[in-house]
Amino acid sequence: MDAWHEAVFARENIRGVQLETWHHLNGCRMWLIVERDTINHEIHAIRPAHEGIAKILKNRTNMKSAMKSAIKPGTKS
Ligand SMILES: [Zn+2]
């Protein structure tokens, strides 16, 4: 119980860049790891919190770029 309380409520209040877990509740509902500067709210990086989702998205991106390079100009698809 103490460990749970510690993990949920007793987080460090970092001045500067920290990793945060966000839930895009009103959008894609994805859990994200956001690297945010607490001083100016600048977002440095965002990635899916779940490794499986990250792999799927990476594969999709790879597939898109593979398809783009497979389609040569002047050829019919
Ligand atoms: Zn989203």
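Residues numbered from 1 in each chain as written. Predicted model: local features only at pLDDT ≥ 70, side-chain atom pairs only at ≥ 80, totals over all residues.

I'd like to hear about the pairing of strand β2 (residues 31-37), residue by residue, with values.
In this sheet, β2 lies alongside strand β1 (residues 17-23) in antiparallel orientation, the contact comprising 7 bridges. Opposite Trp 22, over in β2, you have Leu 32 as the bridge partner. Here β2 runs beside strand β3 (residues 43-48); their pairing, made up of 5 bridges, is antiparallel. Looking at β3, one finds that Leu 32 is bridged to Pro 48. Once β2 ends, the chain turns through 5 residues before running back antiparallel as β3, passing His 41 with a positive phi of about 65°. (Pairing = 2+ DSSP bridges. Helix = DSSP H or I, 4+ residues; strand = E, 2+ residues; numbered from the N terminus.)

Give me the sheet that holds β3: which residues, what numbers.
Pairing in this open sheet of 3 strands is antiparallel, and the strands run β1-β2-β3 from one edge to the other. On the outer flanks of this sheet lie β1 and β3, each paired with one strand and no other. The mean angle between the axes of side-by-side strands here comes to 20°, regardless of whether they run parallel or antiparallel. (Axes fitted to C-alpha atoms, helices over the stretch in contact; angles between N-to-C directions.)

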